Amino acid sequence: MTAGFVGFYGMATTKVQRCNRRGLIAVTLALIVLIWIMPKNLILHRRYSVQRLGEMSTALQNQEKARMVPSTDRCTEKQHVVFLKIHKCGSSTVKGILLSYAKSHRLAIASPKYGSAGFCNQRCIYPPFQKELMEIPNSQPNILLHHMVYNERGLKEVFPQDTFYVTIIREPFAAFKSYFSYYNLQKRHKINSSNPVRYFLEHHDNYKTVANNTFAAEFGFHNPIGKKDFSSIIRYIDSKFQLVMITEYFDESLVLMKRYLCWKLEDLLYEVHNLRRYSYKDEHDESTIRLHRNWSSFNYAIYDFFNQTLWRKIQEQGGSFFRDLHSFRSMLKSGNVRKPLTIDRNKQKVCNGRATKVNFY
């Protein structure tokens, strides 16, 4: 009996061991399968995640592009432009560029009836722009680019709703010094001083002049009541002009205008000629600038606002703007491309040439 029990026990033990071995083999195989499958799942998950991130990035880029002004290869050139030419801000350079474009594209140009000062003389004391003061071409005019006092109602009588309104302003003290020199205020007011600009600012109440807030005058606002008035007027100007260029950032302003108008970089090429020199051009005395800021506070408010606005609009363009800017400056330096028509200022006509020759005071 004992021998039988031992034999039975041995057989039972052998079966248990076999079961254990089978279980161990099964567990081992399961682990091998898991180890083989899991990395693939992780890789697939990672690939899916990367794909989703790529899709999200593309969507965001498309949203950004949708906010940007279309480039010239994706939009139609705009050919209705009103340029408010403000005195002593480099506006003659912009006028030359626009005039070259108009001539080369055979556009109708609106002109004042009574010569270049028909809309506004150096003091802008003429009434606001009126249709009656303008020589209207047989067809509807495309472009207006003269000194004038801005008048929304009068301009809308002549130009269609899709017209692009643009102007240019300059750091106010620099603009004033250029104005002071160009109109020879020292001689006109018989100022005998080694520093005529400072003397004028210290005694400005003695002189009849509108040289303090020239920007505001040409926008149609001569006598704002106070700083609260400044804010509302500036908001109004901002709502009516799609672009206010800044002389100190001339190339940046031109490239931005090119994008808004869907023009080509070649349409903007220019050369600067006849730079004016005068003894106080580089005058940067802080106390003199403070005198001018107090006297021309409206001009400074306009400049500060639109300087910030220009850079906000540039940032909205994205990185492609700066690629355009780099290309534009390279084209200006190269001199190898065909440039716009030449403005012959003495004969007031346009002729074929290499560059736009204009005054830049």
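Residues numbered from 1 in each chain as written. Predicted model: local features only at pLDDT ≥ 70, side-chain atom pairs only at ≥ 80, totals over all residues. Heavy atoms only, no water.

A. Examining the overall build of the protein chain more closely. Helix and strand content of the protein chain: twelve helices and ten strands. The proportion of buried residues among the 361 residues of the protein chain is 43%. The contacts of the protein chain with a sequence gap of at least 6 include a subset with a gap of at least 24, amounting to 73%. Carbon together with sulfur atoms contributes 53% to the accessible area of the protein chain, which is approximately 20,700 Å² in total. (Helix = DSSP H or I, 4+ residues; strand = E, 2+ residues; numbered from the N terminus. Buried < 20%, exposed > 50% of the residue type's maximum accessible area, 1.4 Å probe, protein only. Contact = heavy atoms within 4.5 Å. Areas by Shrake-Rupley, 256 points an atom, 1.4 Å probe, with all protein chains shown as cover.)

B. A look at the packing of aromatic side chains. Evaluated as defined, the whole model comprises 21 aromatic pairs. Note on Phe180 and Phe200: the rings are 5.5 Å apart at their centroids and 75 degrees apart in plane angle, and the pair reads as edge-to-face. Here Phe200 lies in helix α6 (residues 196–202) and Phe180 lies in helix α4 (residues 172–182), a separation of 20 residues in the sequence. Side by side, Phe180 and Phe200 carry an identical accessibility label, which is buried. Through successive ring pairs, a cluster of aromatic residues spans Phe176, Phe180, Phe200, Tyr207 and Trp295. The lysine or arginine in question, Lys88, covers the ring of Tyr182, its NZ or CZ lying 3.6 Å from the ring centre. (Phe/Tyr/Trp six-rings, centres within 6.5 Å; stacked < 30°, edge-to-face > 60°. Lys NZ or Arg CZ within 6 Å of the ring centre and 35° of its normal.)

C. Examining the side chain of Arg170 more closely. With respect to the helices and strands, the residue Arg170 is situated in the loop between β5 (164–169) and α4. No salt bridge is formed by the buried Arg170, whose closest oppositely charged neighbour, Glu248, lies at an N-O distance of 4.4 Å. Only 3.0 Å separates the side chain of Arg170 from the backbone oxygen of Lys88, close enough to count as a polar contact. (Lys, Arg positive; Asp, Glu negative; His and termini not counted. Salt bridge = Lys/Arg side-chain N within 4 Å of Asp/Glu carboxyl O. Polar contact = N/O pair within 3.5 Å; in protein donor to acceptor, adjacent residues only side chain to side chain.)

D. Structural context of the environment of Pro112. Checked against the element boundaries, Pro112 lands in strand β2 (residues 109–112). Pro112 sits 34 residues away from His146 along the chain, and the two C-alpha atoms are 8.1 Å apart.

E. Here's a closer look at the layout of surface pockets. In this structure, the second largest pocket spans a volume of roughly 210 Å³. Every element with two or more residues in the lining of the second largest pocket is listed here: α3 (152–156) and α8 (227–240). The element best represented in the lining of the second largest pocket is α8, accounting for three residues. Class assignment of the residues belonging to the lining of the second largest pocket gives a composition of five nonpolar, four polar and five charged. (1 Å grid on protein atoms, 1.4 Å probe; cavity = no way out; pocket = protein on both sides within 12 Å on 5 of 7 lines; lining within 4 Å. Points joined across faces, edges and corners; volume = space filled by probe spheres on them. Nonpolar A, V, L, I, M, F, W, Y, C, P; charged D, E, K, R; others polar.)

F. Broad picture of the pairing of strand β1 (residues 81–84). Here β1 shows two buried faces, one formed by Val81 and Phe83 and the other by Val82 and Leu84. Note that β1 and strand β4 (residues 143–146) share four bridges and pair parallel. The residue bridging Val82 from the neighbouring strand is Leu144, located in β4. Sheet topology places β1 next to β5; four bridges connect them, and they run parallel. The residue of β5 that forms the bridge with Leu84 is Thr167. (Pairing = 2+ DSSP bridges.)

G. Seen up close, the packing of α4 against helix α10 (residues 286–295). Look at α4 against α10: their axes get within 10 Å of each other, and the N-to-C directions meet at 90 degrees. Taken together, the axis directions place α4 and α10 in an arrangement best described as roughly perpendicular. Here Pro172, Phe173 and Phe176 of α4 come into contact with α10, specifically with Thr288, Ile289, His292 and Trp295. (Axes fitted to C-alpha atoms, helices over the stretch in contact; angles between N-to-C directions. Parallel < 35°, antiparallel > 145°, perpendicular 65-115°, else oblique.)

H. Quick peek at the nonpolar core. One finds Ile169 and Met257 to be the most contacted residues of the largest nonpolar core, which totals 65 residues. Filtering out sequence-adjacent residues up to four positions away, Met257 remains in contact with Leu98, Phe164, Val166, Leu243, Met245 and Leu268. Listed in part, the 15 residues of the second largest apolar core include Phe173, Phe176, Tyr207 and Tyr300. (Core = buried A, V, L, I, M, F, W, Y, C linked by side-chain atoms within 4.5 Å.)

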